[in-house]
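# Fold and geometry: a report
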Amino acid sequence: MPAGDYLLAVDQGTTSSRAYLFDRGGRVAAWAQQELRQSYPKPGWVEHDPDEIWASCAAVIRSTIRQAKIRPSQIVAIGLTNQRETTIVWERLSGRPVHPAIVWQCRRTTEICRRLKARRLEPLFRARTGLVLDAYFSGPKITWLLERVPGLRARAAQGKLCFGTVDSWLLWQLTKGRVHATDVTNASRTLLFNLRSRQWDPTLLKALRVPASMLPRVLPSSGAFGRTAAAVAGLPAGIPILGIAGDQQAALFGQRCTRAGMMKNTYGTGCFLLLHTGHRPVRSRHGLITTVACDARGQPAYALEGSVFIGGAAIQWLRDELGLVATAAETEAIAAGVEDTHGVYVVPAFTGLGAPRWRPEARGLICGLTRGTTRAHLIRATLESIAYQTRDVVEAMSRDARLRIRALQVDGGACKNNFLMQFQADLLHCAIVRPRMVETTALGAAQLAGVAASFWTPAQLDRMRAVDRTFTPHGTAADRRRRYDGWRRAVAKTLA
Ligand code: ADP
């Protein structure tokens, strides 16, 4: 049985739940994963079963402890990170969920958001929360539940219900209902949270008709949230939960982006860019959102965020719908095997365009085709589209924040693609830094807990970070401009 202490991180994602045990050196001692069932009761609706969310987390916690062959008492603290915005309402007394979880992707609240816009409330929400009035965020999902589930509004008014994002739900389970709390990063995704006061905003609660009694207490991302109750998930009683952050903010922290001007991009199914803006919430004029992030000690700071809907998913499309490749990995050599795309641009606006344009009605386009266009050109143009969309967001960020961006930290499945990373460096004319440990979300959650436990100091964490590869930019400014102008013309055609 190994000696020494460990930190446990639970990463509850949209498609799976994972648990990781980190040793003092920040290395993964063991990890486990379990898929999560997705349910689509109507077109555009997405639900999860809250009990299954918890059961899968408990299962992966047990499994990692078993694999690492440690005693559960060797776990010093727990950090949680989660799919953001997904909304759960449960009974305070019994702990029973009153409805399936409404997942962030679910569009059922579009009509509620439209009503709020018709009442000209968007500028108010934007100014106070830093968000746009979109079905994505939690607040309107609560409104929907209170309006549509019979009897719920009355029970909410009597203080009998609790609302939580997934972090709160897990915290409630780990403490057996003793703690109803969340962290500032998750709270900042609800449309109910005032970015400046960092408290629930009574005016917004009223606009969305959400009673304050339902809401969790909001705490900093690093600090004491509660302790495990006896016999949950194979853990002994009394292990402190010391870190909580939404997945993207946890990844930002895990990438050690803790000061203004530091930025990360996660190249997964979509792309998630966050630019740290220090202790200053920056209001976006270029289609981004403002969100709470963490400083070096895990205390509240701010970031600008922009998401691209289709990132690595464009490569899945090449593989699964077009059949042009058998694996995502082979796109790297194929793209590198041609000089350029021969003037071809692919705009993968399959589900509309995300930040900074927010055009849900847009659809994809391939342009610049000639008789000489080959499979390799199409593949390369698709990979390049991920980098172009990233540049669109980075440009918006640097205009909003007026910060010079020196480097971009990367993670996510598609950051393994060396062609894409080099092209990204050339296109942004900045260094791209890929860490050795790309599970930055779980790492960030562990680090938030680790800082609060004095298991690690922030300086130690900075030193612990190991770089796998840095991509330095090549090419001329004229070359960059020519390529990017071509992309912008292609996007303009998409919107036309
Ligand atoms: P998520 O967490 O969003 O499910 P991941 O971070 O696991 O996504 O990344 C998976 C995505 O990365 C897929 O869309 C896949 O097509 C893409 N991907 C994986 N490997 C490569 C590669 N070598 N080159 C390009 N894309 C890749």
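What comes next concerns the included structure. Residue numbers here run from 1 along each chain, matching the order of that chain's written sequence. Since the coordinates come from a predicted model, pLDDT governs what is reported: local features require at least 70, and pairs of side-chain atoms require 80 or more to be given and counted, while whole-chain, interface and lining totals use all residues. The basis for every side-chain value is the complete set of non-hydrogen atoms in the structure, without hydrogens or water.

## Considering the sheet that holds strand E1 (residues 6–12)
The cut-off we apply is this: A pair of strands is treated as paired once DSSP finds two or more bridges between them. A run of H or I in DSSP becomes a helix once it reaches four residues, and a run of E becomes a strand once it reaches two; helices and strands are each numbered from the N terminus. Here, axes are lines fitted to C-alpha atoms. For helices the fit covers the stretch in contact, and angles between N-to-C directions go from 0 to 180 degrees. What makes two residues a contact is simply this: any of their non-hydrogen atoms within 4.5 Å.
Strand order in the open sheet made by the 6 strands is E3-E2-E1-E5-E14-E13, with mixed pairing throughout. Either end of the sheet is taken by a strand with one partner, and the two such strands are strand E3 (28–35) and strand E13 (222–227). The sheet shows a mean angle of 25° between the axes of neighbouring strands, direction not considered. Across the sheet, helix H1 (residues 50–68) lies against E1, strand E2 (16–22), E3 and strand E5 (75–82), angled at about 150° from E3, the strand it touches most. Running over the sheet, helix H14 (residues 440–452) touches E1, E2, E5, E13 and strand E14 (240–246) and is turned about 135° from E5.

## Digging into the state of the cysteines
Here is the rule we go by: Pairs of cysteine sulfur atoms within 2.5 Å are identified as disulfides in what follows. Partly exposed describes any residue whose relative accessible area lies between the buried limit of under 20% and the exposed limit of over 50%, with all areas from a 1.4 Å probe on protein chains only and scaled to the type maximum.
Taken as a whole and assessed by the stated rule, the structure comprises 0 disulfides. The thiol of cysteine 106 is unpaired, and the distance to the nearest cysteine sulfur, on cysteine 113, comes to 11 Å. Here cysteine 367 stays unpaired: no disulfide links it, and the sulfur of cysteine 271, its closest cysteine neighbor, is 20 Å away. Residue cysteine 367 is classed as buried on the basis of its relative accessible area of 12%.

## Concerning the site of the ligand
Definition in use: In these notes, residues near a molecule or strand are those with any non-hydrogen atom within 4 Å of it. Any pair of N or O atoms that falls within 3.5 Å is considered a polar contact. Within protein, one atom must be able to donate a hydrogen and the other to accept it, and sequence-neighbouring residues count only if both atoms are side-chain atoms. Values of accessible area rely on a 1.4 Å probe in the Shrake-Rupley scheme; residue burial ignores everything except the protein chains shown.
Taken together, 14 residues lie around the ligand, and Thr269, Gly312, Ala313, Gly413 and Asn417 are the ones closest in. Threonine 269 places a polar side-chain atom, nitrogen or oxygen, 2.7 Å from an oxygen atom of the ligand. A distance of 2.8 Å separates an oxygen atom of the ligand from a polar backbone atom of glycine 413. If the ligand stood free it would expose 580 Å²; the protein chains cover 70% of that surface. The element contributing the most residues to the shell around the ligand is helix H10 (residues 313–320), with 3 residues.

## Some remarks on a positive patch on the surface
This is how it is decided: Patch rule: a residue counts if its relative accessible area is over 30% and it has no salt bridge; like charges are joined within 9 Å, and nonpolar side chains (Val, Leu, Ile, Met, Phe, Trp, Tyr) within 5 Å. Every case where a carboxyl oxygen of Asp or Glu lies within 4 Å of a side-chain nitrogen of Lys or Arg is listed as a salt bridge. Charged-residue counts in this description rest on Lys and Arg as positive and Asp and Glu as negative, His and the chain ends being excluded. By convention, charge coordinates are those of NZ in Lys, CZ in Arg, CG in Asp, or CD in Glu.
Taken together, the side chains of Arg196, Arg280, Arg283, Arg285 and Arg402 define a basic patch exposed on the protein surface. On the secondary structure map, arginine 402 appears in the loop between helix H12 (375–401) and strand E21 (407–411). Overall, the relative accessible area of 75% leaves arginine 402 in the exposed class.

## Details of the side chain of threonine 143
Mapped onto the secondary structure, threonine 143 falls in helix H4 (residues 138–148). When its relative accessible area of 4% is taken as the criterion, threonine 143 is described as buried. In contact with threonine 143, not counting residues within four places along its chain, are Ile112, Arg153, Leu208 and Val210.

## Overview of the packing of aromatic side chains
Our working rule: Between 30 and 60 degrees the pair is tilted, below 30 it is stacked and above 60 it is edge-to-face, where a pair is any two Phe, Tyr or Trp rings, Trp via its six-membered ring, whose centres lie within 6.5 Å.
For the coordinates displayed, the defined rule picks out 16 aromatic pairs. Centroid distance phenylalanine 193 to tryptophan 200: 5.6 Å. Interplanar angle 75°. Geometry classified as edge-to-face. Residue classification places phenylalanine 193 among the buried residues on the basis of a relative accessible area of 1%. Overall, tryptophan 200 belongs to the buried group, its relative accessible area being 18%.

## A few points about the packing of H12 against helix H13 (residues 418–428)
Selection rule: Each angle receives one of four descriptions, namely roughly parallel if under 35 degrees, roughly antiparallel if over 145, roughly perpendicular if within 65 to 115, and oblique otherwise. A clockwise turn of the near helix away from the far one marks a right-handed crossing, whereas an anticlockwise turn of less than a right angle marks a left-handed crossing. When residue character is reported, Ala, Val, Leu, Ile, Met, Phe, Trp, Tyr, Cys and Pro are called nonpolar, Asp, Glu, Lys and Arg charged, and the others, Gly included, polar.
It is at 9 Å that the axes of H12 and H13 come closest, and there the two elements cross at 40°. It follows that H12 is oblique to H13 by the angle criterion. Relative to H13, H12 is oriented so that their crossing is right-handed. Residue-level contacts link Arg380, Leu383, Glu384, Ile386, Ala387, Tyr388, Thr390, Arg391 and Val394 of H12 to Phe419, Leu420, Phe423, Gln424, Leu427 and Leu428 of H13. Within the contact of H12 with H13, the residues separate by chemical class into 10 nonpolar, 2 polar and 3 charged.

## Concerning the pairing of E3
As paired strands, E2 and E3 are joined by 7 bridges and run antiparallel to one another. Bridging from a neighbouring strand, leucine 21 pairs with alanine 30 of E3. If you look at the hairpin formed by E2 and E3, you'll find 5 residues sitting between the two strands, and glycine 26 has a positive phi there, around 80°.

## Regarding helix H2 (residues 110–118)
Since the α-helix packs 3.6 residues into each turn, any two residues three or four apart lie on the same face. In plain terms, the rule: This arc describes the spread of directions from the helix axis toward the C-beta atoms.
Residues Ile112, Cys113 and Leu116 constitute the buried set of H2. Seen from one end, H2 has its buried residues packed into an arc of 100°, which puts them on one side. Elements in contact with the buried residues of H2: helix H3 (122–129), H4 and helix H8 (202–208). Positive phi shows up at arginine 120, right after H2, with a value of about 55°.

## Concerning the sheet that holds strand E16 (residues 271–276)
Strand order across the open sheet formed by 7 strands is E17-E18-E16-E15-E21-E22-E23, with mixed pairing between neighbours. Where the open sheet ends on each side, the last strands, each with one partner, are strand E17 (289–294) and strand E23 (467–471). Going across the sheet, the axis of each strand differs from the next one's by a mean of 30°, ignoring polarity. Relative to strand E22 (residues 431–435), E21 runs parallel, the two being bridged by 3 bridges. Note on E22: the bridge partner recorded for glutamine 409 is valine 433. H12 contacts strand E15 (263–267), E16, strand E18 (300–308) and E21 of the sheet and is inclined by roughly 25° relative to E16.

## Some details on unusual backbone geometry
With omega at 0°, the peptide bond leading from alanine 355 into proline 356 counts as cis. In this structure, proline 356 sits in the loop between strand E19 (345–347) and strand E20 (365–367). Even without glycine at this site, alanine 231 takes up a positive phi of about 55°. Here alanine 231 shows up in the loop between E13 and E14. Although it is not a glycine, alanine 233 sits at a positive phi angle of roughly 50°. Relative to the elements of secondary structure, alanine 233 occurs in the loop between E13 and E14.

## Observations regarding the pattern of salt bridges
A full pass over the atoms with the stated rule returns 28 salt bridges. Glutamate 330 is the salt-bridge partner of arginine 375, the closest N and O atoms lying 4.0 Å from each other. One end of the pair, arginine 375, is in helix H12; the other, glutamate 330, is in the loop between H10 and helix H11 (331–336), and 45 residues separate them in sequence.

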